[in-house]
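Next come the chains, spelled out residue by residue.
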Amino acid sequence: DAKTTQPNSMESNEEEPVHLPCNHSTISGTDYIHWYRQLPSQGPEYVIHGLTSNVNNRMASLAIAEDRKSSTLILHRATLRDAAVYYCILSYNQGGKLIFGQGTELSVKP
Amino acid sequence: EAGVAQSPRYKIIEKRQSVAFWCNPISGHATLYWYQQILGQGPKLLIQFQNNGVVDDSQLPKDRFSAERLKGVDSTLKIQPAKLEDSAVYLCASSSGTGDRETQYFGPGTRLLVL
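Residues numbered from 1 in each chain as written. Chains lettered and ligands numbered in written order. Predicted model: local features only at pLDDT ≥ 70, side-chain atom pairs only at ≥ 80, totals over all residues. Heavy atoms only, no water.

Participant: Just to check I follow, could you spell out the overall build of chain A for this structure?
Facilitator: Within chain A, the secondary structure is distributed over 0 helices and 9 strands. Overall, chain A shows an N-to-C arrangement of helices and strands of β-β-β-β-β-β-β-β-β. In terms of overall dimensions, chain A is globule-like: its C-alpha atoms have a radius of gyration of 13 Å, near the 13 Å expected for 110 residues. Along the three orthogonal principal directions, the C-alpha set of chain A runs to about 40 × 30 × 25 Å. For chain A, with 110 residues in total, the buried portion stands at 44%. In chain A, of all internal contacts separated by at least 6 residues, the share reaching a separation of at least 24 is 57%. Here chain A displays about 5600 Å² of accessible surface, and carbon together with sulfur accounts for 47% of that area. Across chain A, 9 positive and 11 negative side-chain charges occur, with their mean positions spaced 5 Å apart. (Helix = DSSP H or I, 4+ residues; strand = E, 2+ residues; numbered from the N terminus. Rg over C-alpha atoms; globule rule 2.2 N^0.38 Å. Buried < 20%, exposed > 50% of the residue type's maximum accessible area, 1.4 Å probe, protein only. Contact = heavy atoms within 4.5 Å. Areas by Shrake-Rupley, 256 points an atom, 1.4 Å probe, with all protein chains shown as cover. Lys, Arg positive; Asp, Glu negative; His and termini not counted. Charge placed at Lys NZ, Arg CZ, Asp CG, Glu CD.)

Written out as structure tokens, the structure is:
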């Protein structure tokens, strides 16, 4: 299984942009990059996913490096509600399975 | 659209007792997953169903854990007998398929404490 590396924790100020990095140097050409987040005392929720091109949705943007060995989840204006653990996950031919790592715990200061 | 429902939300039992968790996935979702999340760790997949058949149960401790998905809708996860190390949050998730682009939708989880 392809592995990802994320910082254990990050801090942000409210209403400022947040860039959450993920390294996946062993990614294969057909691995999708998924991001989920888990708010305190809740189940994980989907944030965004991509393959090669940068992706945007109402929650966030996903910037994928040209060599695909790293990606960055961008929250354009952090709110207190964005404080959560963010997981970067690769999937290819895993039958839909998600293999979670430790994730990055994001704290947002008012 | 209703989300994934789980019950109970909390359960406290003593070791060697048995416990069961219930999950109702999003309507129409063929794929159902059970995860175990120990405090401070990411969720770990226990079992995956496609309709009422098991796709992957390689991480399920089969000597004490069992799961079923009768009629391909609701699912039950059972632990018998429970051990202290089973204290965790048990998460149920569902998706419409098993492709690599599929989104999984998670329930709120059942928090189990084994004393």
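Participant: Quick question: what am I supposed to make of the interface of chain A and chain B here?
Facilitator: The extent of an interface is frequently quoted as the accessible surface area lost upon association of the parts. Counting residues at the interface gives 22 residues for chain A, matched by 23 residues for chain B. Buried area between chain A and chain B, summed over both chains or domains, comes out near 1600 Å², and the portion from carbon and sulfur atoms is 47%. If you look at where chain A meets chain B, you find 1 salt bridge. Measuring nitrogen to oxygen at the nearest pair gives 3.1 Å for the salt bridge that ties Lys 97 of chain A to Asp 56 of chain B. Between chain A and chain B we count 6 residue pairs in polar contact (both at pLDDT 80 or more) in total. Sorting the residues of the side of chain A that touches chain B by element identifies strand 3 (32–38), strand 4 (45–50) and strand 8 (84–91) of chain A as the ones contributing at least two each. (Buried area = accessible area lost by both parts, 1.4 Å probe. Salt bridge = Lys/Arg side-chain N within 4 Å of Asp/Glu carboxyl O. Polar contact = N/O pair within 3.5 Å; in protein donor to acceptor, adjacent residues only side chain to side chain.)

Participant: How do you make sense of unusual backbone geometry when you look at a structure like this?
Facilitator: Residues apart from glycine generally show negative phi values, whereas peptide bonds are mostly found in trans. Between Ser 7 of chain B and the following residue, Pro 8 of chain B, the backbone shows a cis peptide bond with an omega angle of -10 degrees. The residue Pro 8 of chain B is located in the loop between strand 1 (5–7) and strand 2 (10–13) in this model. With an omega dihedral of -5 degrees, the bond running from Gln 80 of chain B to Pro 81 of chain B counts as a cis peptide bond. A positive phi angle, near 60 degrees, is found at Ser 41 of chain A, a position not held by glycine. On the secondary structure map, Ser 41 of chain A appears in the loop between strand 3 and strand 4. In the Ramachandran plot, Arg 68 of chain A falls in the positive-phi region, its phi being about 65 degrees despite a non-glycine side chain. With respect to the helices and strands, Arg 68 of chain A occurs in the loop between strand 6 (61–64) and strand 7 (70–75). Exposure remark for Arg 68 of chain A: the relative accessible area of 7% places this residue in the buried category.

Participant: Just to check I follow, could you spell out the environment of Val 55 of chain A for this structure?
Facilitator: Residues and elements named next belong to chain A. Tracing the backbone shows Val 55 in strand 5 (residues 55–56). Among the residues examined, Val 55 registers a relative accessible area of 24% and is labelled partly exposed. Measuring from C-alpha to C-alpha, the distance between Val 55 and Arg 37 comes to 17 Å, with 18 residues separating the pair along the chain. Residues within four places of Val 55 in sequence aside, it is in contact with Ile 48, His 49, Gly 50, Ala 60, Ser 61 and Leu 62.

Function cannot be read off these values alone, since they describe shape.
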